[in-house]
Amino acid sequence: PPPPAPIDPPPGILTNSAGKSILNAHCASWRDLRTSWATTKQLNMFAKCMGQDCVQSLEATNACRFMDDNQLCYAYPTAQQWCADNPGGVGCTDGGADWAAAPFGTASATGAAANWTPRSQVPVDHPEASDPTTFDCACMKDCACSTSKCYCARGGTSTSVGAGTDFANIKIQGSSYSAKMGECTCSCGGVMGV
């Protein structure tokens, strides 16, 4: 027999009344407004979007395993749970079981142990001739960063995740800053989301 058809989610789980994915605020802004922004603004807002998705990936009561067609995290645990319970469901792009701990995935622990990573090869909307046509992002989990240094919960052992290399020349403070647990700073195409 043929495989069963993918299941449609109930209204309000993955999308709002306008039919748009329910995302974190900066991700929704990027999705809805990027066509009107210059490249630098697109990169900055997408870095903020990745920062919100990164923070969500560290939460014990939520996750960032399941995403919409733009590979942006559904903001609420109800969406993450619906997709986990309905593999292959319409609208559930799966980052992988190791992107989240139970009940949403199989990662051994919540937080930095979950293997969520920011997007790469993101297309720039209407780039100028001197602009990149795509960009990569990188994030520092459990860290708060400025453009010159990062303060991280795990101190000097912290490293960035993602294809971007934006944190290569940023100083990681050697001490452990436990207050930074659960925070993220992301950068996309050389533009920090701060």
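Residues numbered from 1 in each chain as written. Predicted model: local features only at pLDDT ≥ 70, side-chain atom pairs only at ≥ 80, totals over all residues. Heavy atoms only, no water.

**Student:** Where do I start with the environment of Arg34 in this structure?
**Tutor:** With respect to the secondary-structure elements, Arg34 resides in the loop between α1 (25–33) and α2 (39–58). Given a relative accessible area of 18%, Arg34 falls into the buried group. Taking the C-alpha atoms as reference, Arg34 lies 14 Å from Leu72; in sequence the two are 38 residues apart. For Arg34, the contacting residues outside a window of four places in its chain are Ser29, Gln42, Asp125 and His126. (Helix = DSSP H or I, 4+ residues; strand = E, 2+ residues; numbered from the N terminus. Buried < 20%, exposed > 50% of the residue type's maximum accessible area, 1.4 Å probe, protein only. Contact = heavy atoms within 4.5 Å.)

**Student:** In this structure, what is going on with helix α3 (residues 77–85)? I would like to understand it.
**Tutor:** Ala79, Gln80, Trp82 and Cys83 are the residues of α3 that are buried. Down the axis of α3, the smallest arc covering the buried residues is 165°, so these residues share one side. Check the buried side of α3 and you find it contacts α2 and β1 (66–67). (Arc of directions from axis to C-beta.)

**Student:** Explanation requested: the packing of α1 against α2 in the structure shown.
**Tutor:** A packed helix pair is summarised by two numbers, namely the angle formed by the two axes and the spacing between the axes. Two elements in contact, α1 and α2, have axes separated by 7 Å at closest approach and are oriented at 145°. Relative to α2, the crossing made by α1 is left-handed. Along its contact with α1, which presents Ala25, His26, Cys27, Ser29 and Trp30, the element α2 presents Gln42, Met45, Phe46, Lys48, Cys49, Gln52 and Asp53. Each residue belonging to the contact of α1 with α2 can be placed in one class, and the counts come to six nonpolar, four polar and two charged. (Axes fitted to C-alpha atoms, helices over the stretch in contact; angles between N-to-C directions. Left-handed = near helix turned anticlockwise from the far one by under 90°. Nonpolar A, V, L, I, M, F, W, Y, C, P; charged D, E, K, R; others polar.)

**Student:** Looking at this structure, how should I read α1?
**Tutor:** One turn of an α-helix holds 3.6 residues; hence residues three or four places apart share an orientation. Looking only at α1, the buried set comprises Cys27, Ala28, Trp30 and Arg31. One side of α1 holds all its buried residues, which, seen down the axis, span an arc of 160°. The elements touched by buried residues of α1 are α2 and β3 (122–123).

**Student:** Explanation requested: the side chain of Thr39 in the structure shown.
**Tutor:** Note on placement: Thr39 falls in helix α2. Dropping the residues within four chain positions of it, Thr39 is found in contact with Val124, Pro127, Asp131 and Pro132.

**Student:** Even after reading the chapter, I still don't get the pattern of salt bridges, so can you show me in this structure?
**Tutor:** Proximity of charged atoms lets side chains of opposite charge pair with each other. If you walk through the whole model with that rule in mind, you get five salt bridges. Of the charged contacts, one joins Asp32 and Arg31 as a salt bridge, the two residues approaching to 2.7 Å between their closest N and O atoms. On the accessibility criterion, Asp32 (35% relative accessible area) is partly exposed. Of the residues examined, Arg31 reaches a relative accessible area of 18% and is grouped as buried. Across the pair Asp125 and Arg34 runs a salt bridge whose closest N-O atoms are separated by 3.8 Å. With Asp125 in the loop between β3 and β4 (134–135) and Arg34 in the loop between α1 and α2, this residue pair connects regions lying 91 residues apart in the sequence. For Asp125, a relative accessible area of 22% translates into the label partly exposed. Connected via shared salt-bridge partners are Lys20, Arg31 and Asp32. (Salt bridge = Lys/Arg side-chain N within 4 Å of Asp/Glu carboxyl O.)

**Student:** Explanation requested: the state of the cysteines in the structure shown.
**Tutor:** By definition, a disulfide links the sulfur atoms of two cysteine residues through a covalent bond. Here the structure, examined in full by the defined rule, presents eight disulfides. One disulfide bridge connects Cys54 with Cys184, the sulfur atoms lying 2.1 Å from each other. Handedness of the Cys54-Cys184 disulfide follows from its S-S torsion of about -65°: it is left-handed. In this pair, Cys54 is assigned in helix α2 and Cys184 in strand β9 (residues 184–188), connecting sequence segments 130 residues apart. There is a disulfide in this structure between Cys145 and Cys150, and the S-S distance comes to 2.0 Å. With the S-S bond torsion at 105°, the cross-link from Cys145 to Cys150 turns out right-handed. Side by side, Cys145 and Cys150 carry an identical accessibility label, which is buried. (Disulfide = S-S within 2.5 Å.)

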